[in-house]
Amino acid sequence: MVVPLQTDITAIADSIYAVWVLVICFLIFFMQPGFALLEAGQVRARNAANVFMKNLMDWSLGVLVFFLLGSGLAGVVAQATSSSAIDIGSAFAYLADPAGGSMVWINWFFGAVFAMTAATIVSGAVAGRMNFKAYVVTAVAMTAIIYPVSLGLTWKGGLLSLGGGGYLADAIGAGYQDFAGATVVHALGGIAGLTAAAMIGPRKGRFDEDGNARAIPGHSVLLAMLGTLFLAFGWYGFNVGTQATVLSGSTLSNMAFEGQALGRVLLNTTLAMGIGAVASTAVTTIWEGKPDPLFAANGLLAGLVAITGACAHVTWYGALIIGLIGGIQTPFVYRWVVDSLKIDDVCGVFAVHGSAGFIGTILIPVFDTSGFSMDQLIMQIAGSAIIGTWGVVGTIITLGIVGLFMDLRVSEAEEMEGLDQSEHGLSAYPEFGTDEGAPVADGGPEKMTDGGSDLEEEA
Amino acid sequence: MVVPLQTDITAIADSIYAVWVLVICFLIFFMQPGFALLEAGQVRARNAANVFMKNLMDWSLGVLVFFLLGSGLAGVVAQATSSSAIDIGSAFAYLADPAGGSMVWINWFFGAVFAMTAATIVSGAVAGRMNFKAYVVTAVAMTAIIYPVSLGLTWKGGLLSLGGGGYLADAIGAGYQDFAGATVVHALGGIAGLTAAAMIGPRKGRFDEDGNARAIPGHSVLLAMLGTLFLAFGWYGFNVGTQATVLSGSTLSNMAFEGQALGRVLLNTTLAMGIGAVASTAVTTIWEGKPDPLFAANGLLAGLVAITGACAHVTWYGALIIGLIGGIQTPFVYRWVVDSLKIDDVCGVFAVHGSAGFIGTILIPVFDTSGFSMDQLIMQIAGSAIIGTWGVVGTIITLGIVGLFMDLRVSEAEEMEGLDQSEHGLSAYPEFGTDEGAPVADGGPEKMTDGGSDLEEEA
Amino acid sequence: MVVPLQTDITAIADSIYAVWVLVICFLIFFMQPGFALLEAGQVRARNAANVFMKNLMDWSLGVLVFFLLGSGLAGVVAQATSSSAIDIGSAFAYLADPAGGSMVWINWFFGAVFAMTAATIVSGAVAGRMNFKAYVVTAVAMTAIIYPVSLGLTWKGGLLSLGGGGYLADAIGAGYQDFAGATVVHALGGIAGLTAAAMIGPRKGRFDEDGNARAIPGHSVLLAMLGTLFLAFGWYGFNVGTQATVLSGSTLSNMAFEGQALGRVLLNTTLAMGIGAVASTAVTTIWEGKPDPLFAANGLLAGLVAITGACAHVTWYGALIIGLIGGIQTPFVYRWVVDSLKIDDVCGVFAVHGSAGFIGTILIPVFDTSGFSMDQLIMQIAGSAIIGTWGVVGTIITLGIVGLFMDLRVSEAEEMEGLDQSEHGLSAYPEFGTDEGAPVADGGPEKMTDGGSDLEEEA
């Protein structure tokens, strides 16, 4: 009578996995409009369509590049930095079957939505002056090489992965912990954005003659806050969905519901998001005398980034502390980047995605439900340093090469005209207001698209 | 050969439950941007960021408060108003395990997204003049006390719950029916909003010297309608997800698919939403001569509210009738609040969430699939009266206390300047138009945020 | 010991089916705000609320009509065009049980969200001049008759269905392949929109005295692009969800996970969307010298439409080629409609939903994973021709009859004033800008809604 208990339920477990993972991947996809709005709201109206277009292109081109190259390259990186043998064929095996294997393409897509998140963060840092073509090439590099290296070193089983036999993990005796990608995805994108913003230089007028920062208000705080809520929605997919296994085991007798893991990730994500927003708001209220909506939004996001790597590992009060730190540091790091580093990181992607991600991930061992481990802390610092360094180096190399072939930023005249007009020949809002302080695009409306441009007339 | 049929499938049932409940909770979270847009679209541009900020804060602070206090208090209220013994420890047991129990935190989150929905409704009634700090304290009271009492009296097993041994339910011999919270959540929020709007007083200019209402058009009908569709999307989670059990039973032999329950809730929600919009549009077309988009949207929402408590209980033609009534009453109740009560309920939250919720819930026994019950009707009226009374009393107490420590509304000068500028030091749309009829915020743009405010410069 | 392996797991399979199908239906519902934004962004600000209102109404009225009539009629059409006997009672059986059967209403809703997608496409073609009442009646016809016929001929088992004994399918020996409705849903809507746009005539000023097209720029490229990303999100539900069966089989021994089918649909949808956007952008960059954001968006959508019918059938490189063609043809077909046909299809719904859908569906046999079949190609051409012809004929009959009772378009004065003002008595953005080139609506703001209109004052 033991036999039935050993009945194979793999098909049931796989089905539950697939439904869960597919749905949360769709939620993670929804971070794309989230980022597009968050960034568009923080730029002048004359650059809003350009920012949106950059986001649309990094997704569209990114999925192709990550399919044909990036995903496989991550596997090769993992092989090369671990005890695994290098086997390019197996790394790219997902391309081999034109009709698709059972779980292969679902898992590829699961990886792709994370890759596209890393790529899309950069556009927020370089908004308002980066050449569109140079941005597109950079986005290709992000999805073809920069993110795949980060992925290969970690989740794919490379250098920092204990289970994968990664060289550094073996040496330290601890694998790098970053559950849903606070550093593998977010801080990589955040530091790449910071590096790119530094290389491209600030927007005209961002700093006065004495080098003091001058605010360039975004054209819609409302759209930026709306994008923030979209991101929070998608983030539930990002974090909770990373606990992809809901039903573990493969027979009726050894199956188990992974409710504790799911619940912990869910609660920690929620608490860190809440306290991140509250903390950042409190700091700006003390500092400025009034609660700042944009820092409330950015604090919420920084709380999410900070807990993204930690959410599966830490206690709920650990999550509160990590989210609190994530929120508090946001305005300080933002000001430090602007005022000390003199870098025009338009949407504050380093403060929100970079520093918050590193801090939260390094703190994991301090609040781990299974207690503190010095080896783990060493690994967290080492892993964060490696990913951060790669983000800087990879971006410098990429933009360095791109800069050999094209200008990294638009001309001063184009910047003043606005990138919507100079890069795309249109105005995002042809009927609304004027962009004070900038020359009004001459002849704008009659060149506009209308359910698509009037191509021939303009050609 | 009977043994295998008794095989425990709890892990499978739990997994299906968790996937379903988590996803629908994420949908319910999406009601937050829905409310934010619905409300922002209905206020002047100079108050849009303030409304959005209020929504962001009631979520962010609310989840913390509901975790640390509200959720547990609901349990205590349930114990105190039923035959259960009072045991504060068990009511707050979800806080005890720092690493999380199997289903505890998932179910806490399931409760939290409903709590945040109740809290966020209030901001729509008091938009355009309520002090930000006073609003934040009120939101804390909503998630710490006002909603938890409503929750404790009903779903948590208190006064109105037959299964929980609630005193009133035992006395009447019928438990209160409100499937997904038409009154427990929505009407509570709607009547709390109405009460708060009455206590704070109308926006300047809302009534002329003779006490006649003057319209203050919202700045974007489009955003309000977009928010409505977001809410409808989230509402599928709210209503259909409340049928949380998809697979019932715990062994292979007694398991059952709850398709009929799911299908009924789904269909009734859809029909009531559709006919609510059509009915409200028809009323305004007859009344004004033209179909009114904002009442179409509000009618759709009122149809949803009206069916929220009834959707699991009534026939499909019952759902059509309830949705029809919900839609028809919306413009009439809205005018009654404005013209007779002289209350400036900006977004009509009483007509949409309050009266629609009470009517729909009271009508449940009339259209119940299992036939009419007078005891049930008595209970529906009694329960609605109790929740409504509590909503009024709880809000009066809250705002009464808050008013001892701070002004409930901004000064007249601040109101004229707009709350975005006076409360947050910014303009939501620094490049678009001017807010006719109001003094243009002086010096606006140079104080604006830009990927976060220029804190030091302004300090 | 064989008995336990035959244990009935229908309840588990049904539960997984229901969770999956419900969630993806909610995603498909989210295409409603997607279409509303895509269309609103492409019209002048003075018509934006009207477009949104049309979308709200076609959903709200549409679900009622499709429930009471359309869904059943599709069954009758299927019976009448196949070897099935005509049995109106069985076709409308879903209405019979007031309390709902187990899977009946879930599956009705699954059908309804596809029907509403077809209906809502039309509004984009006729924006800016179609009479609101005439549009509403047309939307009723779409959901009551036009789409139900398309549905009946195909998925419901009629003329083109091999499994249903459809007369044509039997004759050709192949059933029509259109997995998720590239033609059954999208091309039907696209060609109905084109026909309606032709019958109603172009917007005033769309063509100059010599018949040359003049651009009428939409009021917000940003909203149009945002709507595009919403549609892509919903499309994952549309395409991947059409693979509704995740766990097949009904006993433990014959159950199977449908991962290959899911993965193929998922990957093909993603690749076609990406390359569609890139290809359309590339064409406009070559043509105009600058990448056009609106064509990037429309190319993404055309890539999605093109793969919608094919995604379950073709190889991944087939998906790339189909998406590529979908994207490339978009600007060319759009210009052909405007410049050669002289039809003012405002949002380019024929290029995006029509031609892309037909092309992608006809190409299925060319890239089929199981090899080329001439019979299948013949069936694809025949089926596309029948659906396309029906879309034209059904629309002509509908608008012909509607035109007997009311004007199909607003007066020239109303068009100049804008449909928001003339049809609904409001301005979508009362505080923003002016609609250059059009008379400003006089007395606008004081007539505006305000959390609902001031009905009595205006009556």
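For clarity, every value in this text was computed on a predicted model and none was experimentally measured.

### Structural notes on the interface of chain B and chain A
Turning to step 1, where the next piece is worked out: Contacts between chain B and chain A engage 80 residues on the former and 84 residues on the latter.
Turning to step 2, where the next piece is worked out: When chain B packs against chain A, the two sides together hide about 6800 Å² of surface, and 75% of this comes from carbon and sulfur.
Turning to step 3, where the next piece is worked out: Along the contact surface separating chain B from chain A lie one salt bridge.
Turning to step 4, where the next piece is worked out: Among the salt bridges present, the one from Arg44 of chain A reaches Glu431 of chain B, with a minimum N-O distance of 3.4 Å.

### Notes on the relation of the copies chain B and chain A
Turning to step 1, where the next piece is worked out: Once chain B has been moved 0.0 Å along the axis and rotated by 120°, it coincides with chain A to within an RMSD of 0.0 Å. Accordingly, the operation relating the two chain copies is best matched by a three-fold axis.
Turning to step 2, where the next piece is worked out: Mapped onto chain A, only 18% of the interface residues of chain B are again interface residues, and the two copies thus contact each other with different surfaces.

### As for the interface of chain B and chain C
Turning to step 1, where the next piece is worked out: The interface of chain B with chain C comprises 84 residues on the first partner and 80 residues on the second.
Turning to step 2, where the next piece is worked out: When the area that chain B buries against chain C is broken down by residue, the three leading residues are Leu222, Phe257 and Trp316 of chain B, summing to 11%.
Turning to step 3, where the next piece is worked out: Counting every contact that joins chain B to chain C gives one salt bridge.
Turning to step 4, where the next piece is worked out: Taken together, the connections running from chain B to chain C amount to eight residue pairs in polar contact (both at pLDDT 80 or more).
Turning to step 5, where the next piece is worked out: Breaking the side of chain B that touches chain C down by element, the ones donating at least two residues are α1 (10-29), α9 (221-240), β2 (256-257), α10 (259-288), α11 (293-308) and α12 (316-340) of chain B.
Turning to step 6, where the next piece is worked out: In terms of residue count, α10 of chain B provides more of the side of chain B that touches chain C than any other element does, 18 residues in total.
Turning to step 7, where the next piece is worked out: Here the side of chain B that touches chain C is built from residues that sort into 56 nonpolar, 16 polar and twelve charged.

### Section: the confidence of the model for chain A
Residues and elements named next belong to chain A.
Turning to step 1, where the next piece is worked out: For chain A, the mean per-residue pLDDT works out to 92, and 93% of the residues sit at or above 70.
Turning to step 2, where the next piece is worked out: Across residues 435-459 the pLDDT falls below 50, and counting only partners more than four positions away or on other chains, this stretch makes 79 contacts in the model.
Turning to step 3, where the next piece is worked out: Complex prediction metrics read pTM 0.95 and ipTM 0.94.

### Things to note about a nonpolar patch on the surface
Turning to step 1, where the next piece is worked out: A cluster of nonpolar residues, Val393, Ile397, Ile401, Leu404 and Phe405 of chain A, forms a patch on the protein surface that exposes about 540 Å² of accessible area.
Turning to step 2, where the next piece is worked out: Looking at Phe405 of chain A, the relative accessible area reads 67%, which means it is exposed.

### Topic: helix α11 (residues 293-308) of chain A
Residue and element names in this part refer to chain A.
Turning to step 1, where the next piece is worked out: Between the first and last C-alpha of α11 there are 23 Å, a value that for 16 residues agrees with the 22 Å anticipated at 1.5 Å per step.
Turning to step 2, where the next piece is worked out: Summarising burial for α11: 16 of the 16 residues are buried, a large majority.
Turning to step 3, where the next piece is worked out: The N-terminus of α11 is capped by Asp292, whose side-chain oxygen sits 2.8 Å from the backbone nitrogen of Leu294.

### Considering the relation of the copies chain B and chain C
Turning to step 1, where the next piece is worked out: Once chain B has been moved 0.0 Å along the axis and rotated by 120°, it coincides with chain C to within an RMSD of 0.0 Å.
Turning to step 2, where the next piece is worked out: When the interface residues of chain B are mapped onto chain C, a mere 17% of them again fall at the interface, so the copies present different faces.

### Re the pattern of salt bridges
Turning to step 1, where the next piece is worked out: All chains considered together, the criterion is met by 18 salt bridges over all chains.
Turning to step 2, where the next piece is worked out: The partner of Arg203 of chain C in a salt bridge is Asp344 of chain C, with the nearest N and O atoms 2.8 Å apart. Linking Arg203 of chain C in the loop between α8 (182-200) and α9 (221-240) with Asp344 of chain C in the loop between α12 (316-340) and α13 (349-362), this pair joins segments that are 141 residues apart in sequence.
Turning to step 3, where the next piece is worked out: The partner of Glu412 of chain C in a salt bridge is Lys204 of chain C, with the nearest N and O atoms 3.2 Å apart. Taken as a pair, Glu412 of chain C in helix α15 (residues 412-417) and Lys204 of chain C in the loop between α8 and α9 lie far apart in primary sequence, 208 residues in all.
Turning to step 4, where the next piece is worked out: Salt bridges linked by common partners bring Arg203, Arg206 and Asp344 of chain A together as one network.

### Focus: the nonpolar core
The nonpolar side chains of a soluble globular protein tend to be buried, and buried together.
Turning to step 1, where the next piece is worked out: Membership of the largest hydrophobic core comes to 511 residues, with the highest contact counts inside it found for Trp20 of chain A, Trp20 of chain B together with Trp20 of chain C.
Turning to step 2, where the next piece is worked out: Apart from the residues lying within four places of it in its own chain, the contact partners of Trp20 of chain A are Val240, Gly241, Gln243, Ala244, Val246 and Leu262 of chain A together with Val19, Leu22, Val23 and Phe26 of chain B.

### Considerations on helix α6 (residues 132-153) of chain A
Residues and elements named next belong to chain A.
Turning to step 1, where the next piece is worked out: For α6, which comprises 22 residues, the first-to-last C-alpha distance of 30 Å matches the rise-based estimate of 32 Å (1.5 Å per residue) to within 8%.
Turning to step 2, where the next piece is worked out: Where α6 bends most, the angle comes to about 50°, and this point is Met142.
Turning to step 3, where the next piece is worked out: The buried count for α6 comes to 18 of 22 residues, which makes it a mostly enclosed element.
Turning to step 4, where the next piece is worked out: Capping the start of α6, Asn131 holds a side-chain oxygen 3.0 Å from the backbone nitrogen of Lys133, two or three residues further along.

### Points about the packing of aromatic side chains
All names here are of chain A.
Turning to step 1, where the next piece is worked out: Evaluation of the coordinates by the stated rule reveals 84 aromatic pairs over all chains.
Turning to step 2, where the next piece is worked out: Residues Phe114 and Trp155 carry aromatic rings whose centres are separated by 5.9 Å and whose planes lie at 90° to one another, so their mutual orientation is edge-to-face. Of the two residues, Phe114 is situated in helix α5 (residues 104-125) and Trp155 in the loop between α6 and α7 (167-172); the sequence distance between them amounts to 41 residues.
Turning to step 3, where the next piece is worked out: When its relative accessible area of 4% is taken as the criterion, Phe114 is described as buried.

### Focus on the packing of helix α12 (residues 316-340) of chain A against helix α13 (residues 349-362) of chain A
For any two helices packed against each other, the geometry comes down to the angle between their axes and how far apart the axes lie.
All names here are of chain A.
Turning to step 1, where the next piece is worked out: The geometry of α12 relative to α13 is characterised by a closest axis approach of 8 Å and an angle of 135° between their N-to-C directions. On the basis of their axis angle, the class for α12 and α13 is oblique. For the element pair α12 and α13, the recorded crossing hand is right-handed. Across the interface between the two elements, Ile322, Ile325, Gln329, Thr330, Val333, Tyr334, Trp336 and Val337 of α12 pack against Phe350, Ala351, Val352, Ser355, Ala356, Ile359 and Gly360 of α13.
Turning to step 2, where the next piece is worked out: When the residues that make up the contact of α12 with α13 are grouped by side-chain class, the tally is eleven nonpolar, four polar and no charged.

### So, the environment of Ala18 of chain A
Turning to step 1, where the next piece is worked out: Within the secondary structure layout, Ala18 of chain A lies in helix α1 (residues 10-29).
Turning to step 2, where the next piece is worked out: Classification of Ala18 of chain A by relative accessible area gives buried; the value is 0%.
Turning to step 3, where the next piece is worked out: In sequence terms Ala18 of chain A and Glu258 of chain A are 240 residues apart; their C-alpha atoms lie 15 Å from each other.
Turning to step 4, where the next piece is worked out: If we skip the residues at most four places from it in the chain, Ala18 of chain A touches Ile106 of chain A together with Phe257 and Leu262 of chain C.

### As for the packing of α5 of chain A against α6 of chain A
Residues and elements named next belong to chain A.
Turning to step 1, where the next piece is worked out: Two numbers describe how α5 lies on α6: the axes approach to 10 Å, and their chain directions differ by 140°. Considering only the axes of α5 and α6, their crossing is right-handed. For the pair α5 and α6, the contacting residues are Phe114, Ala115, Met116, Ala118, Ala119, Thr120, Val122 and Ser123 in the first and Tyr135, Met142, Thr143 and Tyr147 in the second.
Turning to step 2, where the next piece is worked out: Looking at the contact of α5 with α6 residue by residue, the classes come out as nine nonpolar, three polar and no charged.

So, how was this worked out
Residues numbered from 1 in each chain as written. Chains lettered and ligands numbered in written order. Predicted model: local features only at pLDDT ≥ 70, side-chain atom pairs only at ≥ 80, totals over all residues. Heavy atoms only, no water. Contact = heavy atoms within 4.5 Å. Buried area = accessible area lost by both parts, 1.4 Å probe. Salt bridge = Lys/Arg side-chain N within 4 Å of Asp/Glu carboxyl O. Least-squares fit on C-alpha atoms with pLDDT ≥ 70 in both. Polar contact = N/O pair within 3.5 Å; in protein donor to acceptor, adjacent residues only side chain to side chain. Helix = DSSP H or I, 4+ residues; strand = E, 2+ residues; numbered from the N terminus. Nonpolar A, V, L, I, M, F, W, Y, C, P; charged D, E, K, R; others polar. pLDDT = per-residue confidence, 0-100. Patch = residues over 30% accessible without salt bridge, like charges linked within 9 Å, V, L, I, M, F, W, Y side chains within 5 Å. Areas by Shrake-Rupley, 256 points an atom, 1.4 Å probe, with all protein chains shown as cover. Buried < 20%, exposed > 50% of the residue type's maximum accessible area, 1.4 Å probe, protein only. Expected span 1.5 Å × (residues − 1). Core = buried A, V, L, I, M, F, W, Y, C linked by side-chain atoms within 4.5 Å. Bend = angle between axes of the 7 residues up to and from the residue. Phe/Tyr/Trp six-rings, centres within 6.5 Å; stacked < 30°, edge-to-face > 60°. Axes fitted to C-alpha atoms, helices over the stretch in contact; angles between N-to-C directions. Parallel < 35°, antiparallel > 145°, perpendicular 65-115°, else oblique. Left-handed = near helix turned anticlockwise from the far one by under 90°.

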